Amino acid sequence: MIKKNQLKKVIEKAVNYSFKEGKLDEKSVLKLVKLFNKLPLADRLVYLKEYHRGLIRFLADRALMIETAVALDQSQVQKIRDHFSQEKEIWQVDVRSSTSLIGGVRVTIADVVFDQTVKSKILQVGQAIKG
Amino acid sequence: MEVFKQFGVQPILLAAQIVNFIVLLYLLKKLFYKPLLKVLEERKEKIAQSLKNAQEIEKRLLEIEDERDKKLKKAAVEAREILKDAGKQAADLIEEAQSRAEAQIKLSLKKNQEAMDRERDRLHQEIRNELAQMVVIGLEKVAAKIITKEDQHKIIEQNLKQL
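On a predicted model such as this, the values are computed, not experimentally measured, just so you know.

Peer 1: Please set out the overall build of chain A residue by residue, giving values where relevant.
Peer 2: Along its length, chain A carries 5 helices and 6 strands. Taken from the N to the C terminus, the helices and strands of chain A come in the order α-β-β-α-α-β-α-β-β-β-α. Buried positions account for 33% of the 131 residues belonging to chain A. The contacts in chain A between residues at least 6 apart in sequence include a share of 58% that link residues at least 24 apart. Of the roughly 8,600 Å² that chain A leaves accessible, carbon and sulfur atoms contribute 54%.

Peer 1: Run through the overall build of chain B, naming residues and quoting values.
Peer 2: Across its full length, chain B carries 3 helices and 0 strands. Going residue by residue from the N terminus, the α and β elements of chain B occur as α-α-α. For chain B, the proportion of its 163 residues judged to be buried stands at 6%. About 14,900 Å² of surface is accessible on chain B, with carbon and sulfur atoms providing 62% of the total.

Peer 1: Explain the confidence of the model for chain B residue by residue, including any values.
Peer 2: Close inspection of predicted coordinates is inappropriate in any region flagged by low pLDDT. Residue and element names in this part refer to chain B. On average, residues of chain B score 91 in pLDDT, and 99% of them are at 70 or above. The element-level mean pLDDT for chain B is lowest in helix 1 (residues 2-6), coming to 75, with helix 2 (residues 11-146) highest at 93. Across the assembled chains, the prediction reports ipTM 0.71 with pTM 0.58.

Peer 1: Residues and numbers for the environment of Ala-110 of chain A, please.
Peer 2: Residue and element names in this part refer to chain A. Its place among the elements puts Ala-110 in the loop between strand 5 (105-109) and strand 6 (112-115). Note: C-alpha distance between Ala-110 and Arg-57 (53 residues apart in sequence) is 8.3 Å. Excluding its chain neighbours within four sequence positions, the residues that come into contact with Ala-110 are Ala-60, Asp-61, Ala-63 and Lys-88.

Peer 1: Give me the interface of chain B and chain A: which residues, what numbers.
Peer 2: Put simply, an interface is often sized by how much accessible area is lost when its parts join up. Each partner contributes residues to the interface: chain B has 22 residues there, and chain A has 25 residues. For the pair chain B and chain A, the summed buried area comes to about 2,100 Å², and 71% of that belongs to carbon and sulfur atoms. Considering only the side of chain B, the residues that lose the most area to chain A are Ile-156, Leu-160 and Leu-163 of chain B, jointly responsible for 29% of the buried surface there. At the boundary of chain B and chain A, one finds 1 salt bridge. Linking chain B to chain A there are 6 residue pairs in polar contact (both at pLDDT 80 or more). Elements represented by at least two residues in the side of chain B that touches chain A include exactly helix 2 and helix 3 (149-162) of chain B. Considering every element that reaches the side of chain B that touches chain A, the biggest residue donor is helix 2 of chain B, with 11 residues.

Peer 1: Provide a residue-level description of helix 2 (residues 26-37) of chain A, including the pertinent values.
Peer 2: All names here are of chain A. Given a rise of 1.5 Å per residue, 12 residues ought to cover 16 Å, and the 16 Å separating the end C-alpha atoms of helix 2 matches this to within 8%. For helix 2, the complete set of buried residues consists of Ser-28, Val-29, Leu-32 and Phe-36. The buried side chains of helix 2 occupy one side of the element, clustering within an arc of 100 degrees when seen end-on. Along helix 2, the residues that are exposed and aim more than 90 degrees away from the buried face are Glu-26, Lys-27, Leu-30, Lys-31 and Lys-34. Taken together, the buried residues of helix 2 touch helix 1 (4-18), strand 1 (19-20), strand 2 (23-24) and helix 3 (41-61).

Peer 1: How would you summarise the nonpolar core if you had to cite specific residues and measurements?
Peer 2: In this structure, Leu-64, Ile-66, Leu-72, Ile-80, Phe-84, Val-105 and Val-107 of chain A are the most contacted members of the largest nonpolar core, which totals 14 residues. Among the elements of the structure, strand 3 (63-68), helix 4 (74-85) and strand 5 of chain A together with helix 3 of chain B are those that each provide at least two residues to this core. Setting aside its immediate chain neighbours within four residues, Leu-64 of chain A contacts Ile-80, Arg-81, Phe-84, Ile-90, Gln-92, Val-93, Asp-94, Val-107, Thr-108 and Ile-109 of chain A. Judged by nonpolar contacts, the second largest core, of 12 residues, contains Ala-14, Val-29, Leu-32 and Tyr-51 of chain A.

Peer 1: So what's going on with the pairing of strand 6 of chain A? Which residues, and what values?
Peer 2: All names here are of chain A. With 4 bridges joining them, strand 5 and strand 6 adopt antiparallel strand pairing. Residue pairing in the sheet places Ile-109 in a bridge with Val-112 of strand 6. The antiparallel hairpin formed by strand 5 and strand 6 contains 2 residues in its connecting segment, where Ala-110 sits at a positive phi of about 50 degrees.

Peer 1: Account for the packing of aromatic side chains, with residues named and values stated.
Peer 2: Any aromatic ring pair is given by two values, namely how distant the centres are and how the planes are angled relative to each other. Residue and element names in this part refer to chain A. Under the counting rule described, the total for this entry stands at 7 aromatic pairs over all chains. One aromatic cluster is present, built from ring pairs that chain together Phe-19, Phe-58 and Trp-91. Over the ring of Phe-58 we find Arg-62; its NZ or CZ atom is 3.6 Å from the centre of that ring.

Cut-offs used in this document
- All chains use their own residue numbering, which begins from 1 and follows the written sequence.
- Working convention: letters from A go to chains and numbers from 1 go to ligands, in the order in which they are written.
- With pLDDT at 70 or above as the cut-off, local features in this predicted model cover only qualifying residues; side-chain atom pairs require 80 or more to be listed or tallied, and sums for whole chains, interfaces and linings still use all residues.
- Values reported for side chains reflect all heavy atoms of the structure, with hydrogen atoms and water molecules removed beforehand.
- Only DSSP runs of H or I covering at least 4 residues are called helices, and only runs of E covering at least 2 are called strands; the numbering of each starts at the N terminus.
- The buried label applies to any residue whose accessible area, calculated with a 1.4 Å probe on protein chains only, is under 20% of its type's maximum; exposed applies above 50%, and partly exposed to all values in between.
- Throughout, a residue-residue contact means that at least one pair of heavy atoms, one from each residue, lies within 4.5 Å.
- Accessibility throughout is a Shrake-Rupley quantity obtained with a 1.4 Å probe, and a residue counts as covered only by protein chains that appear here.
- Scored from 0 to 100, pLDDT records how confident the predictor is in each individual residue.
- Throughout, buried area stands for the accessible area (probe radius 1.4 Å) lost by two parts on being put together, summed over both.
- A carboxyl oxygen of Asp or Glu within 4 Å of a side-chain nitrogen of Lys or Arg is what we treat as a salt bridge.
- Whenever a nitrogen or oxygen atom comes within 3.5 Å of another N or O atom, the pair is scored as a polar contact, on the condition that within protein one atom can donate a hydrogen and the other can accept it, and that pairs from neighbouring residues in sequence are kept only if both atoms are in side chains.
- The span one expects for a helix is its residue count, reduced by one, times 1.5 Å.
- To obtain the arc, one takes the directions from the helix axis to the C-beta atoms.
- Nonpolar cores are built from buried Ala, Val, Leu, Ile, Met, Phe, Trp, Tyr and Cys residues. Side-chain atoms within 4.5 Å join them into one set.
- Criterion used throughout: strands pair if DSSP finds at least two bridges between them.
- Only the six-membered ring of Trp is used, alongside the rings of Phe and Tyr, when aromatic pairs are assigned; centres must lie within 6.5 Å, and planes under 30 degrees apart are stacked while those over 60 apart are edge-to-face, with the rest tilted.
- Placement of a positive charge over a ring is assigned whenever Lys NZ or Arg CZ falls within 6 Å of the ring centre and within 35 degrees of the normal to the ring plane.

Dropping the structure here:
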């Protein structure tokens, strides 16, 4: 039986070990996978699954997503990146354009959402009417 | 003696008459009066006994009548008590039934009121949801039409200033 705290600590260490200089280090990943493969089958599956999730979560925590109704220029993107990099480490910036937002900007990094879109304002009005 | 002679009474005949009378009296007493008197005495005793019995019976009848009257009075009192109790019990039952009916009516009314309140709230919420949805759709359509590209850039600039 795997203890949850032990699993969490091991996965956290493994994920941190897998990234070097802001990038995923393939050699480290392969080394860790080999290590996990030495475990009994049941434990191996759990560790590999959690390790995979950890890697995805690690990257998602460092990915900045910017959504707008119209395309942003580089300076605007940089400004947003600079602002959020003060609080979180940013490895990747994903800029998306969607007319459904109507106007404004929505920035998402990890579990933080900065939503100033017209769409969200309208939805807030709807929520206020619903009570 | 001269007197007897003057009246023609012969002493010997008188004495014989007296003796005859005494013998007759004795015989009558012995053979006739005594049994007759005995029979009369027995008859008298019987009559007295009958009278006594009659008196006893009358007394007993009076007692029975008195007892019957008492019993009737007692029964009447008991009947009145029973009727009174029955009336009271009936009144209590009616009152209890009324109280129960009132409680049930109140409970029913309360439940109905609660159900109506819930239904009203549900309808209000449904109307609010519908209204909110309509407002959202309307605002989205209107905003999409009236917000120009220039407006969108201005909004973005304002958003960036807010960072």
